[in-house]
Amino acid sequence: MHNAHLFEKYDVPAPRYTSYPTVPYWTEEHPDSAVWTDLVQHAYSLDQRLSLYIHLPFCEQLCTYCGCNKHITRNHSVETPYLETVLKEWNLYRRYMHGKPILRELHLGGGTPTFFHPDNLRRLLEPILNDVTLDPNAALSFEAHPNGTTTEHLQTLYDLGFRRISVGVQDFDDEILRLIHRFQTKEQVEQVTETARAIGYTSVNYDLVYGLPRQNQAHIYRTMAEIHRLRPDRIALYSYAHVPWLKNGQRAYDESDLPAAAEKRALYETGRALLEAEGYSDIGLDHFSLPDDGLFIAAQKGTMHRNFMGYTELYTPMSIGLGASAISDVGMAFMQNEKTVAGYEAMVNAGQFPLLRGHLLTREDRCLRRHILNLMCKNYTEWYWPEQQTPELGDIIERLKPLEADGLIIISPMSVEVTTVGKAFLRNICMAFDAHYWHKVPESKVFSKAV
Ligand SMILES: C[S@@+](CC[C@H](N)C(=O)[O-])C[C@H]1O[C@@H](n2cnc3c(N)ncnc32)[C@H](O)[C@@H]1O
């Protein structure tokens with residue numbers, strides 16, 4: 001394949017930059033709630049628009065490839081105490097937001113949100129939705145496991161205002177699904193897709209993963225043949241993040257079954273070529289959409305944003321994460337909740353914000369964060385204005401020069417632009433701007449590899 005040497009060279013551990021600074025560099029352990037509530041109040045006084053993420057961590061079975069924060073159980077009696085706790089956490093926040101916040105975005109992530117009975121999802125969401133003003137362009141979305149998403153789930157969430165669904169597909173091949181311990185069929189994916197469309201959902205996303213154990217070119221061709229048939233509006237084709245030091249389930253794999261960097265990238269390139277032939281556009285790190293999809297339009301207009309949920313159409317300065325391990329961002333600070341369900345519930349039920357760790361962004365953090373966001377969303381960033389400049393820029397340019405020599409970027413006196421070849425190395429390019437990383441390179445394994 002083209003550039004195989006570059007894929008070997010740049011296959012180094014690198015963050016995905018859903019935040020800057022990245023979580024391992026956050027400085028506040030068990031932060032003070034008083035500081036956090038001041039920041040929330042301040043952000044809300046400037047702008048009452050809100051983006052809400054709710055983490056629903058339960059799954060009935062462990063998918064061994066999974067890198068997310070989840071709690072495996074088949075005992076559905078966990079649903080009620082958890083949803084009641086999330087509502088209590090919402091009410092803790094509401095004390096610091098006068099009037100009704102304007103909801104622009106609501107995403108249910110997991111874990112498996114469809115683990116919850118539809119009635120319980122309604123019990124969770126109705127009080128929150130009655131407590132906000134819905135922005136006319138609000139986007140309400142949820143992650144659906146094809147095995148377990150019923151017509152009742154789809155109808156209940158549609159009635160509550162959801163119009164977007166993200167289906168966890170990963171791969172269509174039965175052998176790959178068996179290897180990652182994921183129980184679902186092609187027919188279930190098709191049924192969820194068609195039922196969602198018949199009910200009135202306007203955007204269907206599929207999550208796919210490349211680089212899974214024993215996945216080869218034939219699997220990618222087969223998966224893309226199903227894409228041709230089912231035509232989701234958006235596709236996230238994620239690079240498999242192998243972090244067995246963090247996720248025990250991934251230790252189930254024989255590492256020799258994982259494709260090496262160039263072979264792994266070739267899976268992506270095949271996927272991309274087949275998607276482009278089907279009319280999908282590459283809109284940013286591993287994400288594709290059809291030309292009439294809102295994300296494509298936002299990418300064209302330069303208004304696309306990236307946050308902990310990945311790429312989004314709208315930029316909302318205040319984003320609050322409810323539930324175990326959820327992350328909030330109020331512009332000046334990030335905060336992550338307690339990761340375990342028990343720890344999260346104990347703190348909220350004691351009337352406290354369940355804060356695990358956070359970070360107050362310095363002026364330089366905010367400036368570098370903007371550059372990284374620009375690169376991730378626009379393949380370009382510039383430093384003409386004082387607020388775009390930091391003393392770190394000299395070192396950044398030195399770190400960028402070898403990438404320019406490899407043809408990944410073009411550096412001008414006051415800007416840098418990603419080339420077509422460079423788009424495959426966005427994580428490596430953003431790393432040049434990651435002052436925290438270069439000031440303290442991790443000694444042990446922290447990030448998955450870039451390819
Ligand atoms: C939080 S998971 C929730 C999906 C939902 N529980 C399901 O199983 O359908 C969201 C997405 O993250 C992606 N993902 C999870 N683990 C990953 C890994 N190790 N590498 C790359 N992508 C991963 C998958 O595509 C998955 O659909």
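What counts, and at which threshold
Sequence positions are assigned chain by chain, starting from 1 and proceeding in written order. Since the coordinates come from a predicted model, pLDDT governs what is reported: local features require at least 70, and pairs of side-chain atoms require 80 or more to be given and counted, while whole-chain, interface and lining totals use all residues. Paired strands, in this sense, are two strands between which DSSP finds at least two bridges. Starting at the N terminus, helices and strands are each numbered in turn, a helix being any DSSP run of H or I of at least four residues and a strand any DSSP run of E of at least two. Here an angle of 0 to 180 degrees is reported between the N-to-C directions of two axes, which are lines fitted to C-alpha atoms, with helices fitted over the stretch in contact. Think of it this way: build a C-beta for each residue from its backbone, and any pair within 7 Å is a contact. Start and end positions for the domains come from either an automated domain assignment or a database one. For our purposes the nonpolar core covers buried Ala, Val, Leu, Ile, Met, Phe, Trp, Tyr and Cys residues that link as a set through C-beta atoms within 7 Å. Partly exposed residues are those whose C-beta has more than 12 but fewer than 20 other C-beta atoms within 10 Å; 20 or more makes a residue buried and 12 or fewer makes it exposed, with C-beta atoms placed from the backbone.

## Focus: the sheet that holds strand E18 (residues 380-382)
Point 1. Strands sit in the order E18-E20-E19 across an open sheet of 3 strands; the sheet is antiparallel. The strands lining the two open edges of the sheet, one partner per strand, are E18 and strand E19 (409-412). Taken pair by pair, the neighbouring strands of this sheet meet at an average axis angle of 10°, ignoring direction.
Point 2. Two strands pair when backbone bridges link them, and E19 and strand E20 (residues 415-418) are joined in this way by 4 bridges, in the antiparallel orientation. Residue Ile-411 lies in a different strand from E20, and its bridge partner there is Val-416.
Point 3. Along the sheet, helix H13 (residues 393-405) makes contact with E19 and E20, crossing E19 at roughly 135°.

## Looking at the domain arrangement of the protein
Point 1. Domain assignment breaks the protein into domain 1 (1-19 + 362-451) and domain 2 (20-322).
Point 2. Contributions of two or more residues to the side of domain 1 that touches domain 2 are made by helix H1 (4-9) and helix H12 (363-378).
Point 3. Among the elements that take part in the side of domain 1 that touches domain 2, H12 stands out by supplying 8 residues, more than any other.

## Let's talk about the nonpolar core
Point 1. The biggest cluster of nonpolar side chains holds 121 residues, and the ones touching the most others in it are Ile-235, Ile-372, Met-376, Ile-429 and Cys-430.
Point 2. The contacts of Ile-235, once residues within four sequence positions are left out, are Asn-205, Tyr-206, Leu-208, Ile-227, Leu-275, Tyr-280 and Phe-288.

## Here we look at the pairing of strand E16 (residues 333-337)
Point 1. Buried residues dominate E16, accounting for 5 of its 5 residues.
Point 2. Where burial is concerned, the two faces of E16 agree: the one with Ala-333, Met-335 and Asn-337 and the one with Phe-334 and Gln-336 are both buried.
Point 3. Across 5 bridges, the pairing between E16 and strand E17 (residues 355-360) is antiparallel. Among the inter-strand pairings, Asn-337 is bridged to a residue of E17, identified as Leu-355.

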